[in-house]
Amino acid sequence: MQTYRVTAERVGPHGGLARAKQAAVEIDTDPAGREDLFNPTELLLAALAGCIMKGIERVSPMISFALRGVEVSLSATRQDAPPLILSIDYEIVVDTDEDDRRLNLLHTNVRKYGTVANTLATAVMLTGTLRRRA
């Protein structure tokens, strides 16, 4: 069993600071919002993007998948009352010469073994695609 630990503290009325290991991330906690920091929902989406990319980095050598780069785009749909993320949609774009069958294999493995992706999929509708860069 693996455990994770993050601490966060208020840094004035407009922001917070989260820490894990030797890293720190500033967080937008201003009710009016800030353009220079990620808000909590954007951090959630960034965690999912990181999970997807880490999964690709982990799986690629195991299936001998050749890639030059990866981009992940995400969007979330939120309802206001009560505030809740209803769905998350993602698009993974892989820079590769691998065929469609191998792209599907990569996508299947990323969806199957992603900790954050699997956790979110139990709470919200999580849908997405993986395609080759044009």
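Computed from a predicted model, the values in this text were never measured in an experiment.

## Things to note about empty space enclosed by the protein
Where empty space is left becomes clear once a probe the size of a water molecule has been rolled over the atoms.
For step 1, the next point in the chain: Under the counting rule described, the total for this entry stands at one cavity of 30 Å³ or more.
For step 2, the next point in the chain: Each pocket or cavity is described by its volume, and for the largest cavity that value is around 30 Å³.
For step 3, the next point in the chain: What lines the largest cavity is Leu48, Ile52, Tyr90, Val110, Arg111, Ala117 and Leu126.
For step 4, the next point in the chain: Residues of the lining of the largest cavity, tallied by class, amount to six nonpolar, no polar and one charged.

## Description of the confidence of the model for the protein chain
For step 1, the next point in the chain: Mean pLDDT over the protein chain stands at 96; residues scoring 70 or higher make up 100%.
For step 2, the next point in the chain: Ranking the helices and strands of the protein chain by mean pLDDT puts strand S5 (residues 84-95) first, with 98, and helix H2 (residues 100-113) last, with 95.

## Description of the sheet that holds strand S6 (residues 125-132)
For step 1, the next point in the chain: Taken in spatial order, the three strands of this open sheet run S4-S5-S6, and their pairing is mixed. A single partner strand is all that each edge strand has here, and the edge strands are strand S4 (69-79) and S6. The mean angle between the axes of side-by-side strands here comes to 15°, regardless of whether they run parallel or antiparallel.
For step 2, the next point in the chain: Summarising the sheet, S4 and S5 pair through 11 bridges and their orientation is antiparallel. Directly across from Ala76, in S5, lies its bridge partner Ile88.
For step 3, the next point in the chain: Strand contacts of H2: S5 and S6, with the helix running at about 150° to S6, the strand carrying the most contacts.

Parameters and conventions
- Positions within a chain are numbered from 1, following the residues in the order the chain's sequence is written.
- Only residues with pLDDT of 70 or above have their local features reported here, since the model is predicted, and side-chain atom pairs are shown and tallied only from 80 upward, although totals for entire chains, interfaces and linings are computed over all residues.
- In computing side-chain values, all of the structure's heavy atoms are included and hydrogens and water are not.
- A pocket, in this scheme, is an open set of points on a 1 Å grid over the protein atoms alone with protein on both sides within 12 Å along at least 5 of 7 lines, while a cavity is a set where a 1.4 Å probe fits but cannot get out; residues line either one if an atom lies within 4 Å of a point.
- Grid points are joined across faces, edges and corners, and a volume is the space filled by probe spheres set on the points.
- Throughout, the ten residues Ala, Val, Leu, Ile, Met, Phe, Trp, Tyr, Cys and Pro are labelled nonpolar, Asp, Glu, Lys and Arg are labelled charged, and all others, Gly among them, are labelled polar.
- Per-residue confidence from the prediction method is given by pLDDT, with values spanning 0 to 100.
- In this description a helix means any DSSP run of H or I spanning at least four residues, a strand means any run of E spanning at least two, and both kinds are numbered starting from the N terminus.
- We treat two strands as partners when DSSP finds at least two bridges between them.
- A fitted line through C-alpha atoms serves as each axis, taken over the contacting stretch for helices, and the angle formed by two N-to-C directions is quoted from 0 to 180°.
- Two residues form a contact once any of their heavy atoms are found within 4.5 Å.

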